[in-house]
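# Summary of structural features
As a plain string of letters, each chain reads:
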Number of protein chains: 2
Amino acid sequence: MTTLGDSFHVYDTTLRDGAQREGISYSVTDKLAVARLLDSLGVGFIEGGWPGALPKDTEFFARAAAGDLTLKHAQLVAFGSTRKAGVKVDEDPQVRALLDAQAPVVTLVAKSDRRHIERALRTDVAENCAMVRDTVRFLVDEGRRVFLDAEHFFDGFAFDPDTSLRVLESAVEGGADVVVLCDTNGGQLPLGLAETVADVIARTGFRVGIHCQDDTSCAVANTIAAVQAGATHVQCTANGYGERAGNADLFAVVGNLVTKLGLPVLPHESLAELTRVSHALAEIANIAPDTHQAYVGSSAFAHKAGLHASAIKVDPELYNHIDPDTVGNDMRVLVTEMAGRASLELKGRELGIDLTRRPEALTNVVRTVKELEAGGWSFEAADASLELLLKRELSELDEPPFTLESYRVVLDHRQDGVIVSEATVKVHVAGERVIATAEGNGPVHALDAALRKALLPHLSWLDTVELNDYKVRILTDQHGTDAVTRVLVESTDGEREWTTVGVHGNIVEASWLALCDALVHKASRVTG
Amino acid sequence: MTTLGDSFHVYDTTLRDGAQREGISYSVTDKLAVARLLDSLGVGFIEGGWPGALPKDTEFFARAAAGDLTLKHAQLVAFGSTRKAGVKVDEDPQVRALLDAQAPVVTLVAKSDRRHIERALRTDVAENCAMVRDTVRFLVDEGRRVFLDAEHFFDGFAFDPDTSLRVLESAVEGGADVVVLCDTNGGQLPLGLAETVADVIARTGFRVGIHCQDDTSCAVANTIAAVQAGATHVQCTANGYGERAGNADLFAVVGNLVTKLGLPVLPHESLAELTRVSHALAEIANIAPDTHQAYVGSSAFAHKAGLHASAIKVDPELYNHIDPDTVGNDMRVLVTEMAGRASLELKGRELGIDLTRRPEALTNVVRTVKELEAGGWSFEAADASLELLLKRELSELDEPPFTLESYRVVLDHRQDGVIVSEATVKVHVAGERVIATAEGNGPVHALDAALRKALLPHLSWLDTVELNDYKVRILTDQHGTDAVTRVLVESTDGEREWTTVGVHGNIVEASWLALCDALVHKASRVTG
């Protein structure tokens, strides 16, 4: 529990509303892993899914109930809908499935916009309210804590406030202890939304929660504004995953509540885990982490402006809205066209290389980096190549694990339309000369395959190294296909990720340089 | 001009602050293309860069002044800093470079946080204010309109409001007509920021602008809140590009101002261009469009929730915060790519192809485009390829000027370190079979050279056609070097420019497809 106890709820719906994001498809195992990570962070509630409606969600709750999920902080929540119109609550199979899920908390979604009640649900306000009241009471009588998600609340309240308030009242009459105002279509802006939240609290005295979608790019801001207006329950998803533009991002909401409003909504030690947990949840969702995400993105504290670098070195707190360590993130200084001594010195420190005591070496490194960057190299996203460059300049690098004699790549678009890429490399490794040939989908793939084939028998660690990502940028002004090509390669060994860069007029050679640096970097970690 | 005229400024800083985003590196040609797109949208001001500080920016302004950039709506803005402490303003080379840029508007950045003045600038408040006043007055006397970016304003105002206000006063004394309050570190939240904006306006009566960074994930919300508090000048970047977590996204800010606050800040017909322009600007920045971006993302109106699908069909307005057509986006209920009948019909009209009378042909085109887009093709920035596709589907295309039999590309990294790229093509042109071989800097350059060598004797118009730009995007990041590659080729014949696209697992074949389309397109204009 946080120091705020039950008086403030951080409620996560990554597993239900977050799963609506296009491209996300959690397995039951994924769902269990997500729940464990969220629990480790100390959120108060984890909405696990809609049992009875989705088979995977039913299975998730069954496995949780069978002991596959032990939560330290959070309570598990089953999400579902009220009884159907004209059906007795204890005879509604969907409501029974909510009980069978055995979660201590149930969140019921209900219509709170008269137009939706009449046009989508095709019933009247009185029956809709009875559905809410009956279902809440039934679940409360069965020992469940019940929250109400008032769907389309803000649009409904603007259209017909009395109906929307009657729906909330019905839930509280039934025994619900939080009514969650949902901006389901995501059209709200903070100032107006805060007014409505304050108005509802003033009129009803109910405990109010907030659920925002990001269609105006204001989901986080709306959530914070609602809290400032009196809401004490925030529904979020990890990394803002969700339908359309997504939901309010858990990490930005928590970051703002703790560091800006001073509300200790998570256990004290959890804040420094935000970055790690965000990235782990992105991995499980199989979505590349958003590098520019507030608080947790790898660029969230990255400074490019060269003219500020010396000032940043002296007074980092003047240039960051919070200390990045607070949320487990790092400040990075990007080495760019405007790279100066100060930013390279800082960069060296980041990489564990002390350049302050070696002014001459620093001068050489600065000159080399500037020359390379004038030729199209860019180290701002290629820390591993920059590290190799620094070590080479300082003569701190071991012998490379292999050397190239030559390579040849042949691409055939044959008369029958078949396209074949084949590469041959001749390399020296472990005292031997090795020749290997391989095919690939394209020239770089073939070259990578041939190099691996040549080296694998001699470098045992090589089979752990994989290419994660491969980016190409043509640096042109008016040169068309004879321009310089910059290639970025991101590699992983299952534990770490590192990025290397290669630049050349020939795209294959640029790729080769980046591929080689990736392996040399790994070798320096294996031997060093 | 918009119906609001000069009373409300949409001020774009994609080319200056947006370029601080990690990974963005605009060429001068890119910058000109970005400015043209922003101007076509009808923004009021385009900040082009920092002349004198960055050579590419100096060149951009020189080319604009030489007539390479004709703006219909926008005024071009040069960004720079005040004179240095202790230096006469007319002897400060950086200030002179701002004049030399010949832009009608200059935005000066100045410190407005006492801690920054004393600790980073190492001067005192009085000299800082003199620097602001002198520089503004000098530029105003030279006929420039001057805006002041008050850096770190909100942090500074909270720490020592008098100093921050004195900086604003100095600018207005010098003749600045907008003072822009900058949340440089991005730590603000909407309710507090709106209070400060209202407070500053009440105390000074100055015309106030707003510049927000996204470090709390509130840049868009903060910008809107500032407008609600009285700001009449908003600084944004396309797609929120910018340092760290980025800036306020132009498209979300404009979408909110127009559709939520009813402020006609862009020409009426521009709103429906937001989605197209956003995607085109992402292409130029060589950054994959954010599928979940508010208003303009391909998922922004995509509904996954199965249970709502039929209701959505009946009453779409109940499930979307705005009509997606308003911003040129599409609602998608099933998983489909961007292309819909209406947008292709429109596109056809743009290209002079009437599809309204040929519903069956339109159905075929829609299907073909969807299939291609599912495989990674994108016609957003490749009008010429889309035109060829439409004409092919309608059987309106002449015989192609040449056909391929086969090609072969050989790349050698020789033992002496020399790298050679050689291509041989076998083509049929003007009834003859032609074989030609050429070298190039890389595989695509060699292939382009061999093709030209083969065709030039038979196609007299070929020597007017040049490659302007060549862009490569690797599409799937899970597979490393065996992913699908998309190539965009921009060509020119000295009068017109056109862009073609090619997609393949092999980068050379993808380039070949785009190169061929470029020539076929030109041939269709020569013969047709």
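Values in this document were obtained by computation on a predicted structure and should not be read as measured data. (Residues numbered from 1 in each chain as written. Chains lettered and ligands numbered in written order. Predicted model: local features only at pLDDT ≥ 70, side-chain atom pairs only at ≥ 80, totals over all residues.)

Now for helix α9 (residues 219-228) of chain B. Each turn of an α-helix holds 3.6 residues, which means side chains three or four residues apart point in the same direction. With nine of ten residues buried, α9 of chain B lies mostly within the body of the structure. Those residues of α9 of chain B that fall on the buried side of the exposure criterion are Ala219, Val220, Ala221, Asn222, Thr223, Ile224, Ala225, Ala226 and Val227 of chain B. (Buried ≥ 20, exposed ≤ 12 C-beta atoms within 10 Å, placed from the backbone. Helix = DSSP H or I, 4+ residues; strand = E, 2+ residues; numbered from the N terminus.)

Residues and elements named next belong to chain B. Bridge count between strand β9 (residues 402-413) and strand β10 (residues 419-429): eleven bridges; the pairing is antiparallel. Bridge pairing links Val409 to Ala423 in β10. Here nine bridges tie β10 to strand β11 (residues 432-440), and the two strands are oriented antiparallel to one another. Looking at β11, one finds that His428 is bridged to Arg433. The turn linking β10 back onto β11 is made up of two residues, and Ala430 within it adopts a positive phi angle of 50 degrees. (Pairing = 2+ DSSP bridges.)

All names here are of chain A. Domains assigned within chain A are domain 1 (8-259), domain 2 (302-374) and domain 3 (375-401 + 459-528). For the side of domain 2 that touches domain 3, the secondary-structure elements that each account for two or more residues are α13 (341-350) and α14 (359-374). For the side of domain 2 that touches domain 3, the element with the highest residue contribution is α14, accounting for nine residues. Class assignment for the residues of the side of domain 2 that touches domain 3 results in nine nonpolar, four polar and four charged. (Domains from an automatic or database assignment. Nonpolar A, V, L, I, M, F, W, Y, C, P; charged D, E, K, R; others polar.)

Listed by partner, the interface residues are 93 residues for chain B and 96 residues for chain A. Looking at chain direction, strand β11 (residues 402-413) of chain A and β9 of chain B are connected through seven bridges and run antiparallel. When the sheet's bridge partners are listed, His413 of chain A is paired in β9 of chain B with Tyr407 of chain B. (Contact = placed C-beta atoms within 7 Å.)

Core analysis: the biggest nonpolar cluster contains 205 residues, and Leu148 of chain A together with Leu148 of chain B have the highest contact counts within it. Discounting residues that sit within four places of it in the chain, Leu148 of chain B has contacts with Leu108, Ala110, Val132, Val136, Ala171, Ala176, Val179 and Val180 of chain B. (Core = buried A, V, L, I, M, F, W, Y, C linked by C-beta atoms within 7 Å.)

Glancing now at unusual backbone geometry. Residue and element names in this part refer to chain A. Located in the positive-phi region is His152, a residue other than glycine, with phi close to 55 degrees. Along the polypeptide, His152 turns up in the loop between β5 (145-151) and α6 (153-159). The backbone of Ala430 sits at a positive phi, close to 50 degrees, despite the residue not being glycine. Among the secondary structure elements, Ala430 is positioned in the loop between β12 (419-429) and β13 (432-440).

In this section: the packing of α14 of chain A against helix α15 (residues 383-393) of chain A. Any two packed helices are characterised by the angle at which their axes cross and by the distance between the axes. All names here are of chain A. Axis separation between α14 and α15 bottoms out at 10 Å; the angle between their running directions is 135 degrees. In terms of their interaxial angle, α14 and α15 are classed as oblique. As α14 packs across α15, the resulting crossing turns out to be right-handed. Seen from α14, the contacting residues are Ala361, Asn364, Val365 and Thr368; seen from α15, they are Leu389, Leu390 and Glu393. Grouping the amino acids of the contact of α14 with α15 by side-chain chemistry returns four nonpolar, two polar and one charged. (Axes fitted to C-alpha atoms, helices over the stretch in contact; angles between N-to-C directions. Parallel < 35°, antiparallel > 145°, perpendicular 65-115°, else oblique. Left-handed = near helix turned anticlockwise from the far one by under 90°.)

Next up on the list: the environment of Ala438 of chain B. All names here are of chain B. Note on placement: Ala438 falls in strand β11. In the structure, Ala438 is positioned 13 residues away from Leu451 in sequence and 8.5 Å away in space, judged by C-alpha atoms. Apart from residues no more than four positions distant in its own chain, Ala438 is found in contact with Ala423, Ala446, Ala449, Ala450 and Lys453.

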